[in-house]
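Examination of the molecular architecture
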Amino acid sequence: MLFLAVKNLVQEKTRLLISVGGVAFSVLLIMSIQGLYQGWSNKIGEYIRTVPADYWITQTGATDMFHTPSVLPLTVRDFLTGVPGVASAKPFSGRRVAFAHNGKDINLYVIADDTENNVGAPARVVEGKAVPESGEIIIDRVVGRSQDIRIGDTIPVAGRELKVAGYSEGGYILSFSFAFATKEDAESILQLPGATNFFLVTVQDGTDAGAVASRIEANPAVDAITKDRFVENNTNIVRDTFLPIILVLLLIGIAVGMTVIGLTIFTSTIEKAREYGVLKAIGVSNRQLYTVVVEQAVTAAVLGYLLGAGLALATSAAAGSLVPEFITEIRWLDAAWIFAVTLGMAVVSSLLPVRRLARIDPAEVFRA
């Protein structure tokens, strides 16, 4: 019956194009918006997730890296390493710096790449040097491409001229991004003599992390924030303002896409009523007729899905090249559920008119 369904489907090229095209553009719409949602959900704040720490130690009252200042004397490290259960405590320095370049205002969060303590390095360098040298800085690729800052260019950062030595990924958060300079250059930029912004604490294996945090917070000058909580605090601006908008667009896109798929398959099935009448006239049973209709719808849905998924991947790549802030991530899991929903909608849409087709009188078809 599958051969018959395919033959019936390709009999008229225009109908086939409409059926497959309607499904393809619906899949393109859904997959593109879903990819954008996942891209912003997972990749924004990626750098903070990669920082090796069980707890971020902040000045009391500070909750994140951007909105509440945190300055701690380096002597706090002695206190932290003396707390039972603490495996290590490393200083982490960084702050926001604004400057103008090519007539545009740019915000960077400059971090000290402390190679001595193995902390503050970029999560992933995709082009150029992985470790900055004196007088150099590594910036996020999104900022580099969107602000036309190329590797080798010199940018003014807090009164210093730094040469862009590389591009990193995972450090872009809406209006600012992470950048990485040597510890010496960063200290000059951040102006924190004898101090740092945070300490990264790791807990000894087999130790109750909550108990360790309580011991640390016995010091009224500091707060101990879990890594997961610190990530949430720093990405709230995206989750609370931008992601809900994309989610609404995604839901609308799913509704529109499923409607288009349903109408496309339903219409193409109804339009072939004459062909189905001929099949009944030559002795095809209702069960066999249902099988042909469903197989035809599934074939059109699969072809449309493959075309739409390919277009979504190509469109996302092209959009990311033209608009660096268009950050997408199309996961296999998302591709799988979109495929399942597409097939389900195609089957339901083809079965809706089946009862009407099953009642077709072959004599009426030939009289017509």
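Residues numbered from 1 in each chain as written. Predicted model: local features only at pLDDT ≥ 70, side-chain atom pairs only at ≥ 80, totals over all residues. Heavy atoms only, no water.

Things to note about the overall build of the protein chain
Summing up its helical and strand segments, the protein chain has 13 helices and 14 strands in all. Per-residue burial for the protein chain yields a buried fraction of 48% across its 368 residues. Sequence separation of at least 24 residues holds for 80% of the intrachain contacts in the protein chain that already meet a minimum separation of 6. Accessible area for the protein chain stands at about 17300 Å²; split by element, carbon and sulfur atoms hold 59% of it. (Helix = DSSP H or I, 4+ residues; strand = E, 2+ residues; numbered from the N terminus. Buried < 20%, exposed > 50% of the residue type's maximum accessible area, 1.4 Å probe, protein only. Contact = heavy atoms within 4.5 Å. Areas by Shrake-Rupley, 256 points an atom, 1.4 Å probe, with all protein chains shown as cover.)

What to know about helix α7 (residues 209–216)
Listed as buried for α7 are V212, A213 and I216. In a view along the axis of α7, the buried residues occupy a sector of 100°, so they form one face of it. For α7, the capping residue at the N-terminal end is D208, with a side-chain oxygen 3.0 Å from the backbone nitrogen of G210. (Arc of directions from axis to C-beta. Polar contact = N/O pair within 3.5 Å; in protein donor to acceptor, adjacent residues only side chain to side chain.)

Focus: the packing of aromatic side chains
Counting across every chain of the model gives 11 aromatic pairs. Seen in terms of ring centroids, Y47 and F178 are 5.0 Å apart; in terms of plane orientation they differ by 50°. Their pairing is tilted. One end of the pair, Y47, is in helix α3 (residues 46–50); the other, F178, is in strand β11 (residues 176–182), and 131 residues separate them in sequence. Classification of Y47 as buried rests on a relative accessible area of 3%. With a relative accessible area of 1%, F178 lands in the buried category. On the numbers, 4.2 Å between centres and 15° between planes, the contact of W56 with F230 is stacked. Placement of W56 in strand β1 (residues 55–59) and of F230 in helix α8 (residues 227–270) is noted, with a sequence separation of 174 residues between them. Residue classification places W56 among the buried positions, given a relative accessible area of 0%. For F230, a relative accessible area of 0% gives the class buried. (Phe/Tyr/Trp six-rings, centres within 6.5 Å; stacked < 30°, edge-to-face > 60°.)

Section: the confidence of the model for the protein chain
For the protein chain, mean pLDDT is 82; residues scoring 70 or higher make up 84% of the total. Here helix α1 (residues 2–9) stands out as the least confident element of the protein chain, with mean pLDDT 48; β1 is the most confident, with 95. Here residues 1–5 is modelled with pLDDT under 50, and outside its nearest four sequence neighbours on either side it reaches 11 contacts, counting other chains as well. (pLDDT = per-residue confidence, 0-100.)

A few points about the environment of A179
Checked against the element boundaries, A179 lands in strand β11. In this structure A179 comes out as buried when scored by relative accessible area, which is 0%. Beyond its immediate stretch of four places on either side in the chain, A179 contacts L108, Y109, V110, I111, I137, I138 and I139.

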